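Coordinate inspection notes
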Amino acid sequence: MKVENKKLIIFDMDGTILNTLLDLQASVNFALTKHHFPTRDYEQIRRAVGNGVAMLVKRSLPNDVSNEKYMEVLKDFEDYYALHSEDKTVPYDGIISTLKALKEKGYLLAVATNKIENVAKDLVNKIFPNIFLTTCGDDGKRNKKPAPDCVFEIQKRLGVDDINEVVYIGDSEVDYMTAINSKATPIVLTYGYRTLEELKPFINEDTLIANTPEDILKYL
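The rules behind the values
- Residues numbered from 1 in each chain as written.
- Predicted model: local features only at pLDDT ≥ 70, side-chain atom pairs only at ≥ 80, totals over all residues.
- Heavy atoms only, no water.
- Helix = DSSP H or I, 4+ residues; strand = E, 2+ residues; numbered from the N terminus.
- Rg over C-alpha atoms; globule rule 2.2 N^0.38 Å.
- Buried < 20%, exposed > 50% of the residue type's maximum accessible area, 1.4 Å probe, protein only.
- Contact = heavy atoms within 4.5 Å.
- Lys, Arg positive; Asp, Glu negative; His and termini not counted.
- Charge placed at Lys NZ, Arg CZ, Asp CG, Glu CD.
- Axes fitted to C-alpha atoms, helices over the stretch in contact; angles between N-to-C directions.
- Parallel < 35°, antiparallel > 145°, perpendicular 65-115°, else oblique.
- Left-handed = near helix turned anticlockwise from the far one by under 90°.
- Nonpolar A, V, L, I, M, F, W, Y, C, P; charged D, E, K, R; others polar.
- Disulfide = S-S within 2.5 Å.

Here we take up the overall build of the protein chain. What the protein chain contains, in helices and strands, is nine helices and eight strands. A globule of 220 residues ought to have a C-alpha radius of gyration of about 17 Å, and the protein chain, at 17 Å, matches this closely. Along the longest, intermediate and shortest principal axes, the C-alpha atoms of the protein chain span 55 × 35 × 30 Å. A burial count over the protein chain gives 52% of its 220 residues as buried. A separation of at least 24 residues holds for 66% of the contacts in the protein chain among residues at least 6 apart in sequence. The average position of the 28 basic charges and that of the 34 acidic charges among the side chains of the protein chain differ by 2 Å.

What follows deals with the packing of helix H1 (residues 21–34) against helix H4 (residues 67–84). Between H1 and H4, the shortest axis-to-axis distance is 8 Å and the interhelical angle comes to 140 degrees. Relative to H4, H1 is oriented oblique. Crossing geometry of H1 relative to H4 is assigned as right-handed. When H1 is examined against H4, the residues Asp23, Leu24, Ala26, Ser27, Val28, Phe30, Ala31, Leu32 and Lys34 are found in contact with a partner set consisting of Val73, Asp76, Phe77, Tyr80, Tyr81 and His84. Of the residues assigned to the contact of H1 with H4, the class counts are 10 nonpolar, two polar and three charged.

Right, let's talk about the state of the cysteines for a bit. Evaluation of the coordinates by the stated rule reveals one disulfide. Here Cys136 engages in a disulfide with Cys150; their sulfurs sit 2.1 Å apart. Disulfide Cys136 to Cys150: torsion about the S-S bond roughly -85 degrees, handedness left-handed. Remark: Cys150 occurs in helix H7 (residues 149–158) and Cys136 occurs in strand E5 (residues 134–138); sequence separation between them is 14 residues. The same class applies to Cys136 and to Cys150, which are both buried.

Here it is in structure tokens:
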């Protein structure tokens, strides 16, 4: 099934174009260890991502931690991650060739993420040079996904006024709801941080599913 009359394709970052889990886990565990909290394993981090780093840190802490202590741990996470966001982060196999194929077809490509915008821009520019036209992330002002703010901001930056010309691609329930809230066409991925079984309670049965990066090309 082809999705017709689309101009702009917006991609989520973590779990969609980049596997960032190992660096996120290392940064969370650095901050937890510094404050004498138990560390988190890979699976716990996978389940905790999706709503930005502030929520990732909150979900990684015990429930009874004070807000003051939470802010200290979050600050230490952010400082560490800013220096180590590229240590083990890699693009998913097949995603770069898929992105290049979409660009050759004439689509405008952009990234919308809950990651801090400056960190996200650095990763995009270094790992995906000359592919994405713009990256929208957490600037401390816009509402985070699943709010549609970044989708609308990207539309504004790239001059795409009609949301019917926009596809939003991501791997989590947060991404699916971002597409729904903005009224963009969603494509949901199963190779990232959520399995299809984990996604099923959140998505419609007719939602377009891509099991590999190359599967995206079936729809576009």
